[in-house]
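Inside the fold
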Amino acid sequence: MHEATLTIGQLAERSGVAPSALRYYERLGLIHAARTGGNQRRYARTELRRVAFIRISQQVGVSLDEIRAALDSLPAGRTPTPEDWAALSRAWRERLDERIRLLGKLRDDLDGCIGCGCLSLQRCTLYNPGDSLAAEGPGARLVLPRD
């Protein structure tokens with residue numbers, strides 16, 4: 001095989017991702033490997049970018065299904081260009097902005113609630129007397145965006 005390829009151990013070392021996770025990503029179709037005559041995996045160096053993209057996307061809360069859809073939108077047969085990666089990031093910008101807004105709200109509301117230690121149901125901004133918010137749907141209705 002071409003010497004520009006990486007073994008699973010080399011890809012793991014370079015990417016900081018465990019070999020078991022790389023095999024899982026491959027099974028999901030997120031990354032791709034060629035096989036040697038001895039059935040050993042060989043990864044193109046371009047897979048390093050895909051693994052980095054997967055890791056960063058997961059860290060900001062993007063599901064593996066969404067990551068796969070994004071990676072599937074990249075052109076086949078050539079290394080993605082900076083413009084290709086920029087298009088992916090633009091597609092997620094609104095979602096990431098919403099996540100940032102939600103995390104800020106969560107930080108601000110929970111900091112006051114947990115940080116003060118008052119445990120007061122009268123003053124708590126997250127208090128839900130009589131479970132009145134159940135009619136609005138499941139989940140943390142005061143924190144999560146309402147549909």
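Whatever comes next refers back to the structure up there.
The paragraphs below set out a description of the structure included in this document. (Residues numbered from 1 in each chain as written. Predicted model: local features only at pLDDT ≥ 70, side-chain atom pairs only at ≥ 80, totals over all residues. Heavy atoms only, no water.)

For the rest of this paragraph, the subject is the side chain of Glu47. Note that Glu47 resides in helix H3 (residues 47-59). In this structure Glu47 comes out as buried when scored by relative accessible area, which is 7%. For Glu47, the contacting residues outside a window of four places in its chain are Ile31 and His32. (Helix = DSSP H or I, 4+ residues; strand = E, 2+ residues; numbered from the N terminus. Buried < 20%, exposed > 50% of the residue type's maximum accessible area, 1.4 Å probe, protein only. Contact = heavy atoms within 4.5 Å.)

Moving on, we get to the pattern of salt bridges. Taken as a whole, this structure holds five salt bridges when the rule is applied. Arg41 is the partner of Glu26 in a salt bridge, and the nearest nitrogen-oxygen pair spans 2.6 Å. Highlighted residues: Glu26 in helix H2 (residues 19-27) and Arg41 in strand E3 (residues 41-44), separated in sequence by 15 residues. Judged by relative accessible area, Glu26 falls into the buried class, the value being 17%. Glu66 serves as the salt-bridge partner of Arg95, at 2.3 Å between the closest nitrogen and oxygen. (Salt bridge = Lys/Arg side-chain N within 4 Å of Asp/Glu carboxyl O.)

Moving on, we come to the pairing of E3. Look at any regular strand and the pattern is simple: side chains alternate between the two faces of the sheet. In this structure, strand E1 (residues 5-6) lies alongside E3, joined through two bridges in antiparallel fashion. Bridging across to E3, Thr5 finds its partner in Ala44. Of the pairings in the sheet, the one linking strand E2 (residues 34-35) to E3 comprises two bridges and is antiparallel in character. Counted as the bridge partner of Arg35 is Arg41 from E3. Joining the antiparallel neighbours E2 and E3 is a turn of five residues, in which Asn39 adopts a positive phi near 65°. (Pairing = 2+ DSSP bridges.)

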